[in-house]
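The primary structure of each chain is shown beneath.
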Amino acid sequence: MRNIRASGLAKSFSSTRVLHDIDLDLPGGAFLALLGPSGCGKTTLLRLIAGLEVPDSGSLHFGDRMILGPGRFVPPEDRDLGMVFQSYALWPNMTVRGNVDFALKARRLPHAERAARVDEMLQAVGLAHLADRRPHQLSGGQRQRVALARSLALRPSLLLLDEPLANLDAHLRHRMLAEFRRLHAATGTTFVLVTHDQDEAMAVASHIAVMDAGRIQQVGTPEDLYRRPATPIVARFIDHGITLPVAITATHEGRCDLVLGGTSLSLPGDARPGRGWLCLHRPDLRLSAGAGHLRAEVLSQTFLHGRYLTHVLPRGIDIDSLSLAVDRPLPAHAQIGIDITGGWVIGDGTCAQGHDATAKEQADA
Ligand SMILES: Nc1ncnc2c1ncn2[C@@H]1O[C@H](COP(=O)(O)OP(=O)(O)OP(=O)(O)O)[C@@H](O)[C@H]1O
């Protein structure tokens with residue numbers, strides 16, 4: 001299995017730059033999710049990898065093979081890849097079997113081998129019993145399975161999936177994610193999935209590239225992104241992360257001494273002394289038995305998943321509200337202490353907004 005290496009890929013449409021200097025090094029056999037808000041450039045990057053768009057600059061290698069680069073452009077059909085789109089793109093007049101067989105026929109594979117591969121793929125996606133139906137006689141999930149079977153029948157080294165589950169309801173999406181995981185493990189094919197849904201990305205991906213405004217912010221495992229975000233944008237994007245402005249006073253052996261509001265803390269991180277961000281998730285905040293690291297006023301509570309989700313107004317830091325789960329009801333306006341039991345500290349250098357971002361922007365992010 002070949003790794004995928006992109007270096008300095010950039011792309012503009014008219015005068016608008018939609019991808020800036022994209023570097024990526026993905027091990028062969030990985031399952032990469034390109035994750036980010038609408039319009040950040042995920043599909044454009046996927047289309048560059050597929051050969052459906054040509055970049056303004058940069059190079060792309062599959063293993064040792066240069067696919068794209070100065071004076072070189074390998075066309076999509078010679079890149080040994082399959083693609084699955086949101087809109088299935090099945091042939092309406094062909095049966096399920098015919099759809100899966102179509103590309104194999106075009107490759108002029110012998111009849112017996114084609115039949116065997118079609119049977120194998122229909123088995124793999126659980127559609128063998130519907131082989132003689134036409135697309136209009138299938139549900140959305142079944143059509144998406146045909147599209148998957150059709151792409152995988154060619155045994156590509158790389159499968160590109162562009163929001164393939166967007167048209168499916170939540171239940172079917174869940175089932176198809178399990179299917180993707182299973183097929184990825186069974187085939188050893190490298191998968192690249194475009195999604196704006198982080199739960200989807202977290203559920204299937206071995207690697208996630210978080211994109212924002214045409215740049216890759218960070219590539220890592222789902223756990224890396226959650227526990228060790230590289231930028232405030234990643235921290236806020238993953239699982240409703242919270243970023244609190246801090247002053248970092250000293251760093252030693254992977255830990256940062258910092259001041260949050262008026263309180264001194266020492267937490268894991270990757271930053272130099274100066275201004276920075278403490279990146280937290282809700283489980284890092286606990287109701288304190290004493291004064292805690294932060295003082296806050298209770299705004300409201302909602303009973304959710306067996307606990308009280310408590311919205312508070314923290315004192316002494318520039319943020320509109322925080323939420324934490326507590327085990328008991330608290331009256332509005334109660335003054336509480338909050339313990340910070342974990343988190344990750346990063347510097348201010350990589351932040352597009354900087355410390356001057358309004359509290360509102362942070363709360364919205
Ligand atoms: N062919 C095109 N011509 C002009 N602009 C384009 C073209 N394709 C994409 N864009 C623009 O490039 C930017 C990135 O688009 P892209 O489809 O890659 O984003 P995305 O992250 O996949 O978004 P979404 O999740 O909404 O599909 C957007 O501003 C989009 O309007």
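Residues numbered from 1 in each chain as written. Predicted model: local features only at pLDDT ≥ 70, side-chain atom pairs only at ≥ 80, totals over all residues.

Looking at an unreviewed UniProt entry, one finds the protein named ABC transporter ATP-binding protein and attributed to Paracoccus rhizosphaerae.

Q: Describe the overall build of the protein, with residues and values.
A: Broken down by element type, the protein carries nine helices and 21 strands. Dimensions along the principal axes, computed over C-alpha positions, put the protein at roughly 75 × 50 × 40 Å. For the protein, buried positions account for 37% of its 365 residues. Pairs at least 24 apart in sequence give 65% of the contacts found in the protein among residues at least 6 apart. (Helix = DSSP H or I, 4+ residues; strand = E, 2+ residues; numbered from the N terminus. Buried ≥ 20, exposed ≤ 12 C-beta atoms within 10 Å, placed from the backbone. Contact = placed C-beta atoms within 7 Å.)

Q: Outline the site of the ligand, listing residues and values.
A: If you check the shell around the ligand, you find Phe-13, Val-18, Gly-36, Ser-38, Gly-39, Cys-40, Gly-41, Lys-42, Thr-43, Thr-44 and His-196 and nothing else. Broken down by element, the shell around the ligand gets its largest block of residues, three residues, from helix α1 (residues 42-50). Broken down by class, the residue content of the shell around the ligand amounts to three nonpolar, seven polar and one charged. (Near = placed C-beta within 6 Å. Nonpolar A, V, L, I, M, F, W, Y, C, P; charged D, E, K, R; others polar.)

Q: Provide a residue-level description of the environment of Ala-289, including the pertinent values.
A: Within the element layout of this structure, Ala-289 appears in the loop between β16 (285-287) and β17 (294-304). When the 8 C-beta atoms within 10 Å are taken as the criterion, Ala-289 is described as exposed. Placed 26 residues apart in sequence, Ala-289 and Thr-263 show a C-alpha to C-alpha distance of 17 Å.

Q: Report on the sheet that holds strand β6 (residues 72-73), specifying residues and quantitative values.
A: A sheet is described by the order of its strands in space; here five strands give the open sequence β2-β1-β4-β5-β6, paired in antiparallel fashion. Among the strands making up the open sheet, the edge pair consists of β2 (16-26) and β6. Relative to strand β5 (residues 65-69), strand β4 (residues 57-62) runs antiparallel, the two sharing three bridges. For Phe-62, the partnering residue across the bridge sits in β5 and is Arg-65. Seen against the sheet, α1 touches β1 (4-13), β2 and β4 and runs at an angle of roughly 60° to β2. (Pairing = 2+ DSSP bridges. Axes fitted to C-alpha atoms, helices over the stretch in contact; angles between N-to-C directions.)

Q: Provide a residue-level description of the sheet that holds strand β15 (residues 274-280), including the pertinent values.
A: Here we have five strands rolled up into a closed barrel, ordered β12-β13-β14-β21-β15, and mixed in their pairing. Strand-to-strand twist in this sheet, taken as the mean axis angle between neighbours without regard to direction, amounts to 55°. Sheet topology places strand β12 (residues 242-252) next to β15; seven bridges connect them, and they run antiparallel. Residue pairing for β15: Pro-245 is matched across the bridge by Trp-277.

Q: Any details on the pairing of strand β18 (residues 307-314)? Residues and values, ideally.
A: Pairing geometry for β17 and β18, over eight bridges, is antiparallel. Among the inter-strand pairings, Leu-304 is bridged to a residue of β18, identified as Arg-307. Hairpin geometry of β17 and β18 is characterised by an intervening segment of two residues between the two adjacent antiparallel strands and by a positive phi of about 50° at His-305. Taken together, the five bridges between β18 and strand β19 (residues 322-326) define a ladder with antiparallel strand orientation. Within β19, the position partnered with Val-312 by the bridge is Leu-322.

Q: So what's going on with the UniProt feature "domain: ABC transporter" (unreviewed entry) in the protein? Which residues, and what values?
A: The residues that UniProt annotates with the feature "domain: ABC transporter" (unreviewed entry) are residues 4-238. Structurally, residues 4-238 is divided into 36% helix and 29% strand, and its ends, taken at the C-alpha atoms, are 25 Å apart. (UniProt positions renumbered as here; feature names shortened; annotations may be inferred.)

Q: Can you tell me about the packing of helix α2 (residues 96-106) against helix α3 (residues 111-124), naming the residues and giving the values?
A: Each pair of packed helices can be summarised by the angle the axes make with each other and by the distance between the axes. Remark: α2 packs on α3, axes separated minimally by 10 Å, with the N-to-C direction vectors making an angle of 130°. Compared by their axis directions, α2 and α3 come out oblique. Between α2 and α3 the crossing geometry is right-handed. Contacts between α2 and α3 involve Val-96, Arg-97, Val-100, Asp-101, Leu-104 and Lys-105 from the first element and Arg-114, Arg-117, Val-118, Met-121 and Leu-122 from the second. Grouping the constituent residues of the contact of α2 with α3 by class yields six nonpolar, no polar and five charged. (Parallel < 35°, antiparallel > 145°, perpendicular 65-115°, else oblique. Left-handed = near helix turned anticlockwise from the far one by under 90°.)

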